[in-house]
Each structure stands twice: as structure tokens, then as C-alpha cells.
Amino acid sequence: MILSCGEALIDMLPRRSTEGEAAFAPYAGGAVFNTAMALGRLGAPSGFFSGLSNDMLGEILADTLKASNVDISHCARSDRPTTVAFVKLVNGQATYAFYDEGTAGRMLALEDLPVLGDEIDAVFVGGICLVNDPAASTYEALQAREAPLRVTMIDPNIRPGFIAGKEVAYRARIERMVARADIVKLSDEDLHWLAGDGDLVTLARGILAKGPTVVFITEGASGARAVTATQDRFVTAQTVEVVDTVGAGDTFNAGVLAALHQAGALSKARLARLSDAELDAALSLGTRAAAITVSRAGANPPWASEL
């Protein structure tokens, strides 16, 4: 099983009422939540760990996960409220306003960490849950505990507006977690935020030098790249009519992990000897799945049958 660990929240997406008034509609979401859901829909064994509320919005989140074949037995349930994010779309690009104080996800603590058995092949961590304590330190502790035992992957999914005023501590945490991870996924913008200006492959090799085995880089509408110490593979993105980009990178992550699972490559030893064909297959599934997600509203990843 691939255990996705991170935030679950309700995205309030802009819509128009039947009277033509501006309105918001609730959609289950969160970067890591979306990855868990996409993995389940793609047919990979998917589990989810987060602080999950017992409130009405929390039940929407739980029901959405279960409907996508995601195991939620590791979640820490509480009566704290659910995180809500209001989304603004400009030319299909999303910006967010988060309401996160005192929520079930934000208040996740060390005592909430689950014991993981041999059924867990890989742990995926990422998203805005890595910004604010106590949850951020809790997820880092989970990754530090599990990194020697099984494959770990991180996608920080950096939101500069959300980390304003906390950049120093946040950057230090991300750098520690990247160094422990086997797989790192970054957008080209994330990579430049972490490593500065320069050629993407050169910057990715700098990330590899810190400890990871493979770095995946999404390059927007151009496509996506996989870089190892000896390989540089690129797959062109499919051309689609973009409705919005909510969940695109999250779905890409699921496609990569699902392809690696299908190849029997979710172990440290196998990751160290991925073939060009296996990297290409991971990039292909990631980009094809993401193309479907951006072609429809909200984070609505495809099922395997749609591919």
C-alpha cells in the first residue's frame, strides 16, 4: 500500500448561481488528499493519513476517499473543525485563502502517528501541512521514522503566500525532508524557489546530491522530467483544453507512484536501478492522468478506465 500523508480540506471553488451571482461550491480536496484519491482511482493500493474531523465537512472528505477505494483506517479522527480553502482562479491558475486555525489537520500531534506494518510499501508526504506546527513537525517526524524502513516521497507543493513570514523555518524543514526522501517531486517553480536560478537538470542534480534517488520535475504545459544521477528523461504533456489546474500536480504524483508500483519498483534497491523505460512509463502515466484532471473542474482525478 502507498500511504499518502498530509492535508485534507474543503476547497470552495468559484461558481455562478442560477441567478448569475458569484458563489462558491464545496469540493473535497487538499494536495495529499488528491494524491491518495487519484491513486485509488488508478487502481493502486492507496491509504491516507491525516487529522480528519468528525464534522459534516470531515464526513464529506471521508466518504470521498472511501468512494475512491482509499483506506482511511490510519486517520486520526477528532471533533476539531475541517480546514477550508477559498480558491480564486485567474486564467485557470489557482490561488488560495486558507482557514486553518485549530483544525483537525493543523493540530495533528506526535501521539496521533499510526504504527505502520509491512503492508505499507511507500509513504508520500507533502503539501501545506508542512508549514504550520504542530502538524508540520508531526509529519516530519513520521517521515524521519519511516525513511530508513521504506520508500518515502515528498512534494512540498510550495505556496509562497501561505508561508510568508515563516520562510526560514519552512525552508529548513523542507531541506531536511528532501535529504531523507528517496523520491522528490517539484514543479519548476518549486525547484527555483529551493535552489535558485539555473538549468533545471543541473539544479535537480544538486537536489540528488543531498540524498534522494530520483527527482521528478513538472514543467507546466510543456511536460515533465525525471532526473537521476545518470538519467534525464522527458515526456511532453498532452494538449487539452484547461478548465483549471486544481489537483494537476497531485494527480501527476499519483500517476508516478502507481506506475512505479506496477513495475514493482517501490523499494530502495529497485529505485536505484530504474530503467529509462520505467521512468518514461512513470512520467507518461503522471502526465496523462494530470491532463484529464485539468480538463475538468476541481480536483477530479481520472479512473484507470478513463486512460
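Residues numbered from 1 in each chain as written. Predicted model: local features only at pLDDT ≥ 70, side-chain atom pairs only at ≥ 80, totals over all residues. Heavy atoms only, no water.

S.K.: Help me out: how do you make sense of the overall build of the chain in this one?
M.R.: Counting its regular elements, the chain contains nine helices and 15 strands. Taking 2.2 N^0.38 as the reference for a compact globule, 307 residues should give roughly 19 Å; the C-alpha atoms of the chain span a radius of gyration of 18 Å, in line with that estimate. Counting only C-alpha atoms and orienting by the principal axes, one finds that the chain spans roughly 55 × 45 × 40 Å. Across the 307 residues that make up the chain, the buried fraction comes to 56%. Here the analysis covers contacts within the chain between residues at least 6 apart in sequence; of these, 70% occur between residues at least 24 apart. Split by element, the accessible area of the chain, about 12,300 Å² in all, is 53% carbon and sulfur. Here the chain contributes 26 positively and 37 negatively charged side chains, and the mean placements of these two sets differ by 3 Å. (Helix = DSSP H or I, 4+ residues; strand = E, 2+ residues; numbered from the N terminus. Rg over C-alpha atoms; globule rule 2.2 N^0.38 Å. Buried < 20%, exposed > 50% of the residue type's maximum accessible area, 1.4 Å probe, protein only. Contact = heavy atoms within 4.5 Å. Areas by Shrake-Rupley, 256 points an atom, 1.4 Å probe, with all protein chains shown as cover. Lys, Arg positive; Asp, Glu negative; His and termini not counted. Charge placed at Lys NZ, Arg CZ, Asp CG, Glu CD.)

S.K.: Help me understand the environment of methionine 107, please; the structure alone is not making it clear to me.
M.R.: Here methionine 107 lies in the loop between strand E9 (93-99) and strand E10 (122-126). It is 39 Å that separates the C-alpha atoms of methionine 107 and aspartate 199, two residues lying 92 residues apart in sequence. When sequence neighbours within four positions are dropped, the list of residues in contact with methionine 107 reads Arg80, Gly102, Asp112 and Pro134.

S.K.: What exactly am I supposed to notice about a nonpolar patch on the surface here?
M.R.: Judged by side-chain polarity, Phe24, Phe86 and Tyr99 come together as a nonpolar surface patch covering roughly 320 Å² of accessible area. Mapped onto the fold, phenylalanine 24 is located in strand E3 (residues 22-29). (Patch = residues over 30% accessible without salt bridge, like charges linked within 9 Å, V, L, I, M, F, W, Y side chains within 5 Å. Salt bridge = Lys/Arg side-chain N within 4 Å of Asp/Glu carboxyl O.)

S.K.: What is the right way to read the pairing of E10 from this model?
M.R.: Along any regular strand the residues' side chains alternate between the sheet's two faces. By the criterion of burial, E10 is predominantly enclosed, with five of the five residues buried. What you see with E10 is no split at all: Ala122, Phe124 and Gly126 on one side and Val123 and Val125 on the other are buried throughout. The pairing of strand E1 (residues 2-5) with E10 spans four bridges and is parallel. Across the sheet, residue cysteine 5 finds its bridge partner in E10, namely valine 125. As judged from the five bridges shared by E10 and strand E11 (residues 151-155), these two strands associate in the parallel manner. Within E11, the position partnered with alanine 122 by the bridge is valine 151. Handedness of the crossover is the feature at issue here: the chain leaves E10, passes through helix H3 (residues 135-146), returns alongside E11, and the resulting connection is right-handed. (Pairing = 2+ DSSP bridges. Right-handed = clockwise from strand over helix to strand, strands pointing away.)

S.K.: What is the right way to look at the sheet that holds strand E15 (residues 232-236) in this model?
M.R.: Sheet strands associate in pairs through backbone hydrogen bonding, adopting either a parallel or an antiparallel arrangement. The strand order across the open sheet built from nine strands is E6-E4-E1-E10-E11-E12-E13-E14-E15, with neighbouring strands paired in mixed fashion. Strands with a single pairing partner mark the edges of an open sheet, and in this sheet they are strand E6 (70-71) and E15. Sheet topology places strand E12 (residues 183-187) next to strand E13 (residues 214-218); five bridges connect them, and they run parallel. In the sheet register, leucine 186 faces E13, and the bridge partner there is isoleucine 217.

Any link to function would need more than the numbers given here.
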